Amino acid sequence: MTTTSDSGPAAPLTDRERMTLLCVVGHMIPADAGYGVPGADDPRIFADILRTIDRDLHAMRNALHVIDSLADGTITTLSRAEQTERLAGFRAAHAHLAGVIESIVARCYYRDDRVMTSLGMEARPPFPNGYKVEQGDLSLLEPVRARGRIYRDAG
């Protein structure tokens, strides 16, 4: 079922799922006036999140269902403190589902022009120009190299 909302273009989530997701992302990355950055629940960022769900739709729906079931209804009806508590429980008990939400939200949040500007980066795509990365102290990797291989060859 595809629905529309004030937060952006059509998305394959129900109104209830979108409201749950909006609540979750607002907890993940709240707005910060001190840094002048929006929260992940900002309408532009949230619209990008809805457009980006795509291949993760099944896992996202599952995550939102679990979150609402942990809230004995819908998380949006709980107080902010209760929401925080239930979301922490969700993340601890369902890390794989939390990871789906975190990945999508982080990807969308850090491609927002306002966020990039607040980090001192140009508000532009990374390619074709790339970003200049200062050379670091490679000796800091010595403990990792000294540890040796921690993987086995796959083939």
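Residues numbered from 1 in each chain as written. Predicted model: local features only at pLDDT ≥ 70, side-chain atom pairs only at ≥ 80, totals over all residues. Heavy atoms only, no water.

> Mind laying out a nonpolar patch on the surface, listing which residues take part and the relevant values?
Residues Y110, L119 and M121 make up a contiguous nonpolar surface patch of roughly 280 Å² in combined accessible area. Among the structural elements, Y110 can be located in the loop between helix 5 (95-109) and helix 6 (113-118). (Patch = residues over 30% accessible without salt bridge, like charges linked within 9 Å, V, L, I, M, F, W, Y side chains within 5 Å. Areas by Shrake-Rupley, 256 points an atom, 1.4 Å probe, with all protein chains shown as cover. Salt bridge = Lys/Arg side-chain N within 4 Å of Asp/Glu carboxyl O. Helix = DSSP H or I, 4+ residues; strand = E, 2+ residues; numbered from the N terminus.)

> Tell me about the packing of helix 1 (residues 15-28) against helix 4 (residues 80-93), and please be specific about residues and values.
One way to put it is that helix 1 packs onto helix 4 with a least axis distance of 11 Å and a crossing angle of 85°. The orientation of helix 1 with respect to helix 4, classified from their angle, is roughly perpendicular. Of the residues in helix 4, those touching helix 1 at C23, V24, G26 and H27 are R80, Q83, T84 and L87. (Axes fitted to C-alpha atoms, helices over the stretch in contact; angles between N-to-C directions. Parallel < 35°, antiparallel > 145°, perpendicular 65-115°, else oblique. Contact = heavy atoms within 4.5 Å.)

> Report on the packing of aromatic side chains, specifying residues and quantitative values.
One pass over the full model with this rule turns up one aromatic pair. For the pair Y109 and Y110, a centre-to-centre distance of 5.1 Å together with 85° between the ring planes defines the contact as edge-to-face. You can call Y109 buried: its relative accessible area is 4%. The class of Y110 is partly exposed, set by a relative accessible area of 43%. (Phe/Tyr/Trp six-rings, centres within 6.5 Å; stacked < 30°, edge-to-face > 60°. Buried < 20%, exposed > 50% of the residue type's maximum accessible area, 1.4 Å probe, protein only.)

> Quick rundown of the nonpolar core? Include the residues and the values.
Buried together is how nonpolar side chains tend to be arranged in soluble globular proteins. In this structure, L21, I49, I67, F90 and I101 are the most contacted members of the largest nonpolar core, which totals 32 residues. Where this core is concerned, the elements lending two or more residues are helix 1, helix 2 (43-52), helix 3 (57-70), helix 4 and helix 5. If one sorts the elements of this core by residue count, helix 5 sits on top with eight residues. (Core = buried A, V, L, I, M, F, W, Y, C linked by side-chain atoms within 4.5 Å.)

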